[in-house]
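Okay, here's what each chain looks like letter by letter:
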Amino acid sequence: MGAAAGIALLGLALIVTGGLFGAEPLYVPGGGFVALGVLVPAWLRVAARGAQVTREITTRRVVEEDPLEVLLTVKAGLLPPLGGRIADPLLPEGAPAPLVAPGGTPGHVRVTVRFARRGRRRLGPPALVLSDPLGLARATVPGRGEDDILVLPRTGPVQFATEGGAARAGRAPALVASAAMEVDGLRPYREGAAASRIHWPAVARGAGLMERRLRGESDSRPLIVLDARAPERPEDLDAAVRAAASLCHELARAGGCSLLLPGDRRGTVIDADLGGWPALHARLALVDSGPGTPPPATAAGEGRRGPVVYVSA
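Predicted model, so just to flag it, every value in this text is computed and none were measured. (Residues numbered from 1 in each chain as written. Predicted model: local features only at pLDDT ≥ 70, side-chain atom pairs only at ≥ 80, totals over all residues. Heavy atoms only, no water.)

Engineer: Please provide a residue-by-residue account of the pattern of salt bridges, values included.
Structural biologist: In this structure the tally under the stated criterion is 13 salt bridges. Where D238 meets R117, a salt bridge forms, and the shortest distance between an N and an O atom there is 2.6 Å. Here the residue D238 occupies a position in helix α6 (residues 234-253), and R117 occupies one in the loop between β5 (107-113) and β6 (119-123), the gap between them amounting to 121 residues. Of the residues examined, R117 reaches a relative accessible area of 36% and is grouped as partly exposed. (Salt bridge = Lys/Arg side-chain N within 4 Å of Asp/Glu carboxyl O. Helix = DSSP H or I, 4+ residues; strand = E, 2+ residues; numbered from the N terminus. Buried < 20%, exposed > 50% of the residue type's maximum accessible area, 1.4 Å probe, protein only.)

Engineer: Describe the sheet that holds β5, and please don't skip the residues or the numbers.
Structural biologist: Read from one edge to the other, the open sheet built from three strands follows the order β1-β3-β5, with strand pairing classed as antiparallel. The open sheet has two free edges, formed respectively by β1 (52-57) and β5, since each of these has just one partner strand. Averaged over neighbouring strand pairs, the angle between their axes works out to 20 degrees when direction is ignored. Where β1 meets strand β3 (residues 68-75), six bridges bridge the pair, whose relative direction is antiparallel. Following the sheet pairing, I57 is matched in β3 by V70. (Pairing = 2+ DSSP bridges. Axes fitted to C-alpha atoms, helices over the stretch in contact; angles between N-to-C directions.)

This is the structure:
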């Protein structure tokens with residue numbers, strides 16, 4: 001039984017008692033309690049009709065500890081609300097809702113949130129909970145739509161033992177005889193690449209402008225291997241992912257590198273222009289551990305001429 005129904009029954013009991021014992025003064029509080037128990041829920045039900053609550057998020061991707069701006073908008077219904085709060089997973093418990101007059105300018109609540117750990121966050125729709133100051137009744141106005149936020153691992157500066165270590169690690173040796181080196185597949189044509197590397201059969205098939213990737217070129221880049229197996233704590237895996245992301249970002253800017261993630265048989269190449277970094281950064285955000293986490297590919301470093309950096313959780 002709700003509080004409003006209890007108040008109404010109490011008022012009815014006072015009226016009956018007053019009639020049985022001739023206590024006319026009980027009629028006034030009894031009638032007041034009955035009116036409260038009936039009118040307050042009815043008011044809230046009418047106030048909920050036409051009321052709306054929406055959530056706007058500035059971006060769907062955010063780095064750990066970076067601010068994320070969220071805007072919640074409340075629109076009034078047929079009657080002005082007596083009070084209420086916004087129920088949203090991004091808001092502190094009991095955050096008050098702006099009181100908005102019917103037909104007036106919608107009210108706004110701005111909040112800045114930060115996520116301490118990487119991963120995907122699925123946020124249920126917000127809700128507007130209307131209530132009265134006495135807490136006798138309430139009416140819930142559900143919002144619409146869910147939001148997905150991808151929290152990316154943050155990167156930090158990397159200190160090398162010697163000055164210019166990143167540049168030396170990321171610098172590939174000169175390709176003296178590119179025609180004699182083994183072809184290691186195709187990739188989209190990069191502006192400024194030699195015309196001799198264009199794969200004309202792919203152009204003839206209508207696949208677009210492609211260029212040959214040479215094995216010696218890819219094997220000379222530093223390879224970062226992330227081992228996500230059996231961390232003692234979830235924080236240890238997060239620290240390993242941040243370390244791998246920081247190394248990859250630093251070495252890629254110094255000339256290019258490759259990153260081997262759990263389950264991959266071959267490292268993903270990131271060039272100095274960081275064109276593939278956003279997609280790889282998103283994959284790092286979703287790296288998980290568990291009994292089925294595969295070990296690093298054993299053949300990934302065979303025959304390589306560049307350094308291999310092993311990062312373990």
